[in-house]
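Summary of the model geometry
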Amino acid sequence: MKKLAAFILATAALCGCCCDGADDKPVLRPSEYVSTLVGTQSDYSFSTGNTYPAVALPWGMNFWTPQTGKMGDGWAYTYGSHTIRGFKQTHQPSPWINDYGQFSIMPVRGGAFDEESRQSWFSHQSEQAHPYFYSVYLADHDIRAEITPTERAAVMRFTFPESDESAVVVDAFDRGSGVRVIDDCTVAGFTTRNSGGVPENFANYFVVRFSKPFEGVECRLDGKNKTIGEGEEAVGGHALLKLHFNTKRGEPITVCTASSFISEEQAFRNLRETGDGDFDAVREAAQRRWDEVLGRIEVGGGTEEQYRTFYSCLYRATLFPRKLFEIDGEGKIVHYSPYNGEVCDGYMYTDTGFWDTFRSLFPLLNLVYPSENAKMQAGLANTYRESGFLPEWASPGHRGCMVGNNSASVVSDAIMCGVTPEEDVATLYEAMLSGRMKVHPEVSSTGRLGHEYYNTIGYVPCDAGINESVARSLEYAYDDWCIAQVAEKLGYDEDAKMLKAASDSYKNLFDVETKLMRGRKVNGEFQSPFSPYKWGDAYTEGNAWHYTWSVFHDVDGLAELMGGKEDFERMLDSVFVVPPIYDDSYYGFRIHEITEMQVADMGNYAHGNQPAQHMIYLYDWTDSPYKAQWWTREVMERLYRPKPDGYCGDEDNGQTSAWYVFSALGFYPVCPASDDYAVGSPLFRRATIHLENGREVKITARGNSPENRYIGSMRVDGKRRTEPFLHRSELLDGAEVKFEMQSQYKK
Ligand code: CA
């Protein structure tokens, strides 16, 4: 045995030096490289993604997930769990925000009914988790369960054993629900369960149709058995149905289910997405859709593991924000407004926090999926029309979470790219301008908390009862720069001048003594005592080492404040050099983001949270862009894996994944709403982006390997490029970017 092991090691080493483990086999169906389990090995104290295995179409209205956690638990599916309680329709963006409009379906046998009695042991060895298909063997019931999605519906196939005690439970969840028996193949129901951000009349109406008539019905309402017949309903706090079947061994029962935020009638309309309920046909269509979306970026000349990581990240980057619109009886696009409770015309998307996703998720959409973002932008204009504000954290309506006014970045970047529908540009511009001057009366993270201070003294002071004041101020300044770009484009020169001047206000918080951004009082004094290791307080889920770099729009200006390029580079270096010490006194406990920074072994660099994710690329503004090349590869290789513990912190609705997608391509949008991408180090030897305009961006990296991570030279359309920047406009024209990679860095 020993000899054999040595031989395998030697072969592996040999293979390692001749081909670097790179696999030139083409990626045929990118969907097959995705694992939806990446990030699921998370809990409250430590996040390796805080994701769940969403089986859904890209940006689909309804996702489904196997449910291991109890009803209401944000950790709906955790990799370490042993039992499944049901298959839940979910709209949850993150465990911290939790779910709304959820209900579940579970095949069972015998007396199992509520979520405790029906849970079944399962093993990851008998589980398949793809975006287009999820399958698991429920051992305690001897039933195989399979799910495949459409945008607003799903088909499930349950393969039963020989039993006269087979059944399917439909659980409408607690906090207000109802169920109804329509005929011997069809049931309906509704749930009003939510976690906030909904009007009074909110409900999710669902319908469930079986391929075989059920032979009996049991109903449980608020813990009590209730007799229910055809045409009857049970409405209360927590309603469940159990539909009974006699089954032969290996007999499949197909279940088609759909829902609507508008009405039961609309739910039946949405059920048509499942066609005649042919499971395999729906599954094939779902996989084709994923291949089409994921295949917009083709990669080659990497390892199998890198392909898996890349496409698992691209899957996460094309899930959120979700469609909240539906198609009515006349074929019109309509949506239930989570803002005013009415059914309104037009698009609506939700379940994203712009504090996270403005950074690189939306720039990715603008480059690769602009037609989808055009609809999202139309939805943002509708949000303003229906609520008077752009959203900052929507799920499904305005939610109080995080800081900033980064809707300005999301909206501006799309307008600057020409993605926004012409008819919505004026409304969105007005929305951005008005959002600078007000704050939502109930949701203080919507609009601009502290705008009165920011607009007069040039920063939100730390002693005015407004927390995280440095984070807010820096983001407002960048947001103003974004709006200025649009003002200029639209020819509003006065506005542009005013906004540009406002975007300089980041300078007001720079402390020359520490060379860091620091809280400041109304009277102009800096906050004292001050510790660059203190998380929270004037910052949001980070410290001064993380937030000082939030000057996306004027990196040269920031460098100048620090004393010039060399000092700026030294400050960047310091982030990695200072030990991962921390002060958590603001929170009173070590928040999971702190732990995630510590365990990464990169000093105070905190890739597990979003504020610093652009930081490495700032080396492109120094004389040492090679440090950006070295560190981006280090992060890609150490902090991303196609495994259940594959992320280094909360994935956060596509943002942490979009970082990887861009970085693997070799560039990153440090400043959304600008035309610039900062160059890092391409991961693959070949990558092609198939743009929606029919053109292609072809990226090659000759000689690329884990050692050859430095760029020797770069050519764009045959022309040598010495500055480490690419431009979105040149890529959108179709471009050929050729990198020559080497092991020695160049200064
Ligand atoms: Ca986060």
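So, a few notes on the structure that sits alongside this text.

Attention now goes to the nonpolar core. Core analysis: the biggest nonpolar cluster contains 208 residues, and F87, F210, F310, W549, F568 and F667 have the highest contact counts within it. By residue number, the principal contributor to this core is helix α11 (residues 469-490), which donates 12 residues. Not counting residues within four places of it along the chain, the set of residues in contact with F667 comprises L367, Y617, F662, Y677, A678, V679, G680, I689, I699, L726 and L731. Listed in part, the 9 residues of the second largest apolar core include M61, F261, L324 and M348.

Moving on to the state of the cysteines. One pass over the structure, following the stated rule, counts 0 disulfides. No disulfide involves C219; its sulfur sits 19 Å from the nearest other cysteine sulfur, which is in C185. Accessibility expressed as a relative area gives 2% for C219, which makes it buried.

Turning to the sheet that holds strand β22 (residues 333-336), a few remarks are in order. If you walk across this open sheet you meet the 3 strands as β21-β22-β23, and the pairing is antiparallel. This sheet does not close on itself; its edge strands, each paired only once, are β21 (325-327) and β23 (343-345). Sheet twist, expressed as the average angle between the axes of neighbouring strands with direction ignored, equals 40°. Here β22 runs beside β23; their pairing, made up of 3 bridges, is antiparallel. Within β23, the position partnered with H335 by the bridge is C344.

On to the pairing of strand β8 (residues 143-149), then. Of all the 7 residues making up β8, 6 are buried; the element is thus mostly covered by neighbouring parts of the structure. When strand β7 (residues 134-138) meets β8, the two strands line up antiparallel, connected through 5 bridges. Bridging across to β8, Y134 finds its partner in I147. Between the end of β7 and the start of β8, which pair antiparallel, lie 4 residues, with D142 showing a positive phi angle near 55°. The pairing of β8 with strand β9 (residues 153-160) spans 6 bridges and is antiparallel.

The rules behind the values
Residues numbered from 1 in each chain as written. Predicted model: local features only at pLDDT ≥ 70, side-chain atom pairs only at ≥ 80, totals over all residues. Heavy atoms only, no water. Core = buried A, V, L, I, M, F, W, Y, C linked by side-chain atoms within 4.5 Å. Buried < 20%, exposed > 50% of the residue type's maximum accessible area, 1.4 Å probe, protein only. Helix = DSSP H or I, 4+ residues; strand = E, 2+ residues; numbered from the N terminus. Contact = heavy atoms within 4.5 Å. Disulfide = S-S within 2.5 Å. Pairing = 2+ DSSP bridges. Axes fitted to C-alpha atoms, helices over the stretch in contact; angles between N-to-C directions.

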